[in-house]
Amino acid sequence: MAKERILFITQEITPYISANPVSSLGKFLPVSMQDKGFEVRTFMPKFGAVNERRNQLHEVIRLSGININIDDNDHPLVIKVASLQPSRIQVYFIDNDDFFQKLESDIDVSGVNREDNDERAIFFSRGTMETAKKLRWDPKIIHCSGWITSLIPIYIKRLYGDDLSFKNSKIVYSIQPAKDMAPINPKIINKLKAEGISSRDLKKYASDTTDVNTLHKIGIDYAHGIIVNDPEIDPSLLDYIKESGKPLLMAPDMELDADKYLEFYNSLCN
């Protein structure tokens with residue numbers, strides 16, 4: 001009997017990013033689910049803080065080479081891969097010099113203070129979905145963790161929903177701690193329309209002042225279940241989740257309890 005599959009799309013994974021609560025959970029969940037008998041793959045951004053030589057990343061030519069157009073600008077997509085030791089789980093890295101080079105002004109490894117976070121999230125989402133589609137790998141669960149993954153649920157539902165790789169997947173979105181972010185460019189709504197997402201789907205998010213909560217709300221609205229890992233979550237955002245009526249797992253202390261997460265995954269599939 002074939003193993004069930006879980007695709008983790010994660011903002012940070014240790015040891016590629018120095019150990020912290022977010023990156024430690026990013027490693028713990030894939031390794032734990034593999035230990036429980038699942039087939040697992042992972043995606044993350046190839047932030048400039050990732051040491052390619054030490055972590056033995058190499059480019060996957062057959063998956064690289066497409067250009068992703070955002071606001072009339074073409075951005076080359078480069079896919080790199082490494083094996084997470086000792087589990088040997090494959091980690092696919094979404095890379096592009098425009099979005100993921102390390103800058104001296106970055107306040108953390110993901111550069112949340114940058115003004116282009118809207119386009120970085122779009123590029124990461126498109127790059128991940130195009131690559132996952134090429135892999136022809138149909139996961140039972142797609143777990144998206146962190147603000148940079150927030151657009152993936154709407155991409156799956158509205159742009160990739162008919163693809164056999166994702167048609168029967170249950171989507172989980174995790175809200176994780178992050179440093180204070182730069183405001184999100186309100187033009188993200190028009191950029192998502194240009195991607196092919198309808199005005200009807202985006203109307204509720206249109207605003208002159210757009211922040212990270214806008215990204216989180218998109219992730220919440222198009223996921224099947226929500227996990228809160230942020231102990232300082234905005235109370236209004238927590239109310240938004242509860243009002244949605246969607247299954248919710250509160251794990252704000254980033255506890256490394258594999259059974260708790262597995263039970264939540266199973267509840268979505270039953």
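In what follows, the structure referred to is the one given above.
Let me sum up the structure you'll find in this document. (Residues numbered from 1 in each chain as written. Predicted model: local features only at pLDDT ≥ 70, side-chain atom pairs only at ≥ 80, totals over all residues. Heavy atoms only, no water.)

### Some remarks on helix α9 (residues 258–269)
Part 1 of the argument: Over its twelve residues, α9 runs 17 Å from end to end, which matches the ideal 16 Å to within 8%, given 1.5 Å per residue.
Part 2 of the argument: Of the residues flanking the start of α9, the one acting as N-cap is aspartate 257, its side-chain oxygen 3.2 Å from the backbone nitrogen of aspartate 259. (Helix = DSSP H or I, 4+ residues; strand = E, 2+ residues; numbered from the N terminus. Expected span 1.5 Å × (residues − 1). Polar contact = N/O pair within 3.5 Å; in protein donor to acceptor, adjacent residues only side chain to side chain.)

### Describing helix α5 (residues 188–195)
Every α-helix winds through 3.6 residues per turn, so residues three or four apart in the chain are directed the same way.
Part 1 of the argument: Turning to α5, its buried residues number three or more, namely Ile188, Ile189, Lys191, Leu192 and Glu195. End-on, the buried residues of α5 take up no more than an arc of 160°, which puts them together on one face.
Part 2 of the argument: At its buried positions, α5 is contacted by β4 (67–70), α3 (117–135), α4 (152–158), α6 (199–202) and α7 (212–222).
Part 3 of the argument: Immediately downstream of α5, the backbone of glycine 196 shows phi near 115°, a positive value. (Buried < 20%, exposed > 50% of the residue type's maximum accessible area, 1.4 Å probe, protein only. Arc of directions from axis to C-beta. Contact = heavy atoms within 4.5 Å.)

### Points about the nonpolar core
Part 1 of the argument: Core analysis: the biggest nonpolar cluster contains 91 residues, and Tyr16 and Met33 have the highest contact counts within it.
Part 2 of the argument: When residues in this core are grouped by element, the largest group, seven residues, is from α3.
Part 3 of the argument: When sequence neighbours within four positions are dropped, the list of residues in contact with methionine 33 reads Ile6, Phe8, Phe38, Val40, Ala258, Tyr261, Leu262 and Tyr265. (Core = buried A, V, L, I, M, F, W, Y, C linked by side-chain atoms within 4.5 Å.)

### Regarding the environment of alanine 182
Part 1 of the argument: Looking at the element boundaries, alanine 182 is found in the loop between β9 (170–175) and α5.
Part 2 of the argument: Measuring from C-alpha to C-alpha, the distance between alanine 182 and glutamate 115 comes to 6.1 Å, with 67 residues separating the pair along the chain.
Part 3 of the argument: With sequence-adjacent residues up to four places away left out, alanine 182 is seen in contact with Val112, Asn113 and Arg114.

### Considerations on unusual backbone geometry
Part 1 of the argument: Cis geometry marks the peptide bond from threonine 14 to proline 15; its omega dihedral reads 15°.
Part 2 of the argument: Across the junction of glutamine 85 and proline 86, the peptide omega takes the value 0°, indicating a cis bond.
Part 3 of the argument: Even without glycine at this site, glutamine 56 takes up a positive phi of about 55°.
Part 4 of the argument: Given the relative accessible area of 63%, glutamine 56 is considered exposed.
Part 5 of the argument: Of note in the backbone geometry, methionine 254 takes a positive phi value of approximately 55° without being a glycine.
Part 6 of the argument: Note on placement: methionine 254 falls in the loop between β11 (248–250) and α9.

### Section: the packing of α3 against α5
Part 1 of the argument: Packing of α3 against α5 leaves a shortest axis separation of 10 Å and a crossing angle of 25°. By the angle class used here, α3 and α5 are roughly parallel. Helix-helix and strand crossings are classified by hand; for α3 and α5 the assignment is right-handed. Across the interface between the two elements, Asp118, Glu119, Ile122 and Arg126 from α3 touch Ile188, Lys191, Leu192 and Glu195 from α5.
Part 2 of the argument: Residues of the contact of α3 with α5, tallied by class, amount to three nonpolar, no polar and five charged. (Axes fitted to C-alpha atoms, helices over the stretch in contact; angles between N-to-C directions. Parallel < 35°, antiparallel > 145°, perpendicular 65-115°, else oblique. Left-handed = near helix turned anticlockwise from the far one by under 90°. Nonpolar A, V, L, I, M, F, W, Y, C, P; charged D, E, K, R; others polar.)

Remember, this is a structural readout, not a statement about activity or role.
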